[in-house]
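Summary of structural features
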Amino acid sequence: MMDAIERIYQEQSRRVLATLIRLLGDFVLAEEAMQEAFTAALHQWPGEGVPDNPAAWLIRIGQRRGIDQIRRKQTARQHAHLLEQPDDTQETLDEQSIEDDQLRLLFTCCHPSLSPDARIALTLREMCGLTTEQVARALLQKPATLAQRIVRAKRKIRQDRIPYEVPEARALPERLPGVLRVIYLVFNEGYSRSDGEVIVDVSLSAEAIRLAESLVGQLPEGEVFGLLSLMLLQDSRRYARQDEHGDLVTLDEQNRTLWDGDNIRSGLVWLEQALARTPAGPYTLQASIAATHAQAGVAEDTDWARIVRLYEALYRQQPSPVIALNRAVATAMRDTPADGLRLLDELASEKAIHTYHFFHAARADLYRRNGNVEQARSAYERALALSAQGPEQRFLQRRLDELTGQS
């Protein structure tokens with residue numbers, strides 16, 4: 001039973017929280033109520049069995065516990081509208097309503113009155129249940145800074161009475177870029193976990209894709225299609241990215257017969273719709289890169305010249321260090337490792353990139369391929385020190401061991 005409750009917590013807690021925020025009107029109170037609901041489940045379900053609809057059960061218990069907290073804290077006047085609600089909330093707990101609550105929570109967390117960093121941090125923390133450390137690692141920031149930002153964001157939502165709703169159609173376009181960025185960060189944390197022993201967290205990736213699919217129905221614009229295409233194409237590789245021992249398999253060594261053909265076909269369909277709405281935005285360009293990989297039957301057939309051109313177009317729109325890093329790696333594949341290293345040397349002036357383990361791993365790989373053993377070893381050691389993911393650490397250590405054998 002403990003395993004079943006743990007699984008339900010992993011799968012349903014974010015949905016439960018989203019609806020409790022709507023019903024109770026407060027992030028902190030909803031979080032406390034959710035924890036009390038799961039505590040009640042630990043006591044009742046072993047004897048009574050798991051309910052047919054565990055999410056609805058948890059929401060009802062959480063709402064009651066939340067209202068009890070309001071009464072105990074003698075804040076009835078402030079929350080009078082909640083105390084007047086009947087205990088039977090069946091009408092508000094149908095499956096579609098629970099699904100809609102997650103979209104409401106997403107737009108609330110991404111409200112333009114919050115700072116961009118606060119929107120991302122709050123959404124990753126509240127919608128996906130990531131720890132502060134995981135959010136900080138995803139954003140290349142300190143955990144203490146992130147924790148303060150999240151607290152301030154919740155306070156602002158409460159004090160400014162930011163509405164818990166999906167904006168009207170006319171307001172959606174201006175709200176969309178921030179929401180798309182958050183969704184893609186959620187996907188990336190699932191697609192390549194920042195720590196632990198599992199490279200892919202399928203639940204996070206699936207949640208990001210589901211959120212994008214919800215947006216497609218409400219706002220059929222090019223970048224929504226582009227983001228959905230990108231995530232589907234990247235997600236198609238998930239079964240090939242770890243071997244049977246749990247070790248990392250790089251893109252060029254993956255068994256492409258394990259790639260998900262349905263996701264690739266769906267991703268290409270969405271990409272076609274995105275490209276029909278010009279000009280192509282950043283997500284559509286990234287989806288085009290992913291499509292180029294997906295359409296190569298073997299790694300040797302990859303059209304690296306096209307990928308370099310796409311990264312150059314992407315860099316013109318978003319001149320970030322991470323895009324510059326990917327462009328350098330693609331250039332090395334099109335030309336020579338030395339050409340890629342020259343671009344990485346130019347990138348080394350960017351301060352933030354030195355805390356990004358993929359930068360050092362890329363340098364190490366190009367040094368290795370170029371025959372620079374000592375430089376490769378030093379770069380692998382730096383990447384290993386910065387990596388927190390078990391499969392990546394083992395991969396980097398194997399590369400180091402191979403270089404030691406060459407010394």
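Predicted model only: the values in this text are computed from it and were never measured.

1. What about the overall build of the chain?
- A tally of regular secondary structure across the chain gives 19 helices and zero strands.
- For 407 residues, the compact-globule formula gives about 22 Å, and the C-alpha radius of gyration of the chain, at 23 Å, lands near that figure.
- Principal axes of the C-alpha set define a box for the chain whose edges measure 75 × 45 × 40 Å.
- A total accessible area of about 19500 Å² is found for the chain, and carbon and sulfur atoms account for 49% of it.

2. Describing the pattern of salt bridges
- Under the counting rule described, the total for this entry stands at 19 salt bridges.
- A salt bridge links Asp101 to Arg22; the shortest N-O distance between them is 2.5 Å. With a gap of 79 residues between them, Asp101 in helix 5 (residues 95–109) and Arg22 in helix 1 (residues 2–24) connect regions that are remote in the sequence.
- Salt-bridge contacts for Asp365 lead to Arg368; the nearest nitrogen and oxygen are separated by 2.6 Å. Here Asp365 and its partner Arg368 are both found in helix 17 (residues 357–370), three residues apart, which amounts to about one turn of the helix.
- Residue classification places Arg368 among the partly exposed positions, given a relative accessible area of 26%.

3. Looking at the confidence of the model for the chain
- Across the chain, the average pLDDT comes to 87, with 90% of residues at or above 70.
- This stretch, residues 86–91, has a pLDDT under 50; its non-local contacts, to residues over four places away or in other chains, come to four contacts.

4. Overview of the packing of helix 1 against helix 3 (residues 54–72)
- Interhelical geometry of helix 1 versus helix 3 gives an angle of 45 degrees and a closest axis separation of 9 Å. Here helix 1 is positioned oblique relative to helix 3, judged by the angle of their axes. In this structure, helix 1 crosses over helix 3, and the sense of that crossing is right-handed. Here Ile8, Gln12, Arg15, Val16, Thr19, Leu20, Leu23 and Leu24 of helix 1 lie close against helix 3, whose contacting residues are Pro54, Ala55, Leu58, Ile59, Gly62, Gln63, Gly66 and Ile67.
- Partitioning the contact of helix 1 with helix 3 into residue classes produces 10 nonpolar, five polar and one charged.

5. Comments concerning the nonpolar core
- Leu20, Leu58, Leu105, Leu106, Ile183, Leu215 and Met231 are the most contacted members of the largest nonpolar core, which has 87 residues in total.
- Counting residues per element, this core draws most heavily on helix 9 (residues 172–191), at 11 residues.
- Ranked by size, the runner-up nonpolar core spans 23 residues in total, among them Ala328, Ile353, Ala364 and Ala383.

6. Brief notes about a negative patch on the surface
- Side chains of Asp252, Glu253, Glu300 and Asp301 sit close together on the surface and give a patch of like negative charge.
- One can find Glu300 in the loop between helix 13 (282–294) and helix 14 (304–317).
- Assessed through its relative accessible area of 68%, Glu300 is described here as exposed.

Parameters at a glance
- Residues numbered from 1 in each chain as written.
- Predicted model: local features only at pLDDT ≥ 70, side-chain atom pairs only at ≥ 80, totals over all residues.
- Heavy atoms only, no water.
- Helix = DSSP H or I, 4+ residues; strand = E, 2+ residues; numbered from the N terminus.
- Rg over C-alpha atoms; globule rule 2.2 N^0.38 Å.
- Areas by Shrake-Rupley, 256 points an atom, 1.4 Å probe, with all protein chains shown as cover.
- Salt bridge = Lys/Arg side-chain N within 4 Å of Asp/Glu carboxyl O.
- Buried < 20%, exposed > 50% of the residue type's maximum accessible area, 1.4 Å probe, protein only.
- pLDDT = per-residue confidence, 0-100.
- Contact = heavy atoms within 4.5 Å.
- Axes fitted to C-alpha atoms, helices over the stretch in contact; angles between N-to-C directions.
- Parallel < 35°, antiparallel > 145°, perpendicular 65-115°, else oblique.
- Left-handed = near helix turned anticlockwise from the far one by under 90°.
- Nonpolar A, V, L, I, M, F, W, Y, C, P; charged D, E, K, R; others polar.
- Core = buried A, V, L, I, M, F, W, Y, C linked by side-chain atoms within 4.5 Å.
- Patch = residues over 30% accessible without salt bridge, like charges linked within 9 Å, V, L, I, M, F, W, Y side chains within 5 Å.
- Lys, Arg positive; Asp, Glu negative; His and termini not counted.
- Charge placed at Lys NZ, Arg CZ, Asp CG, Glu CD.

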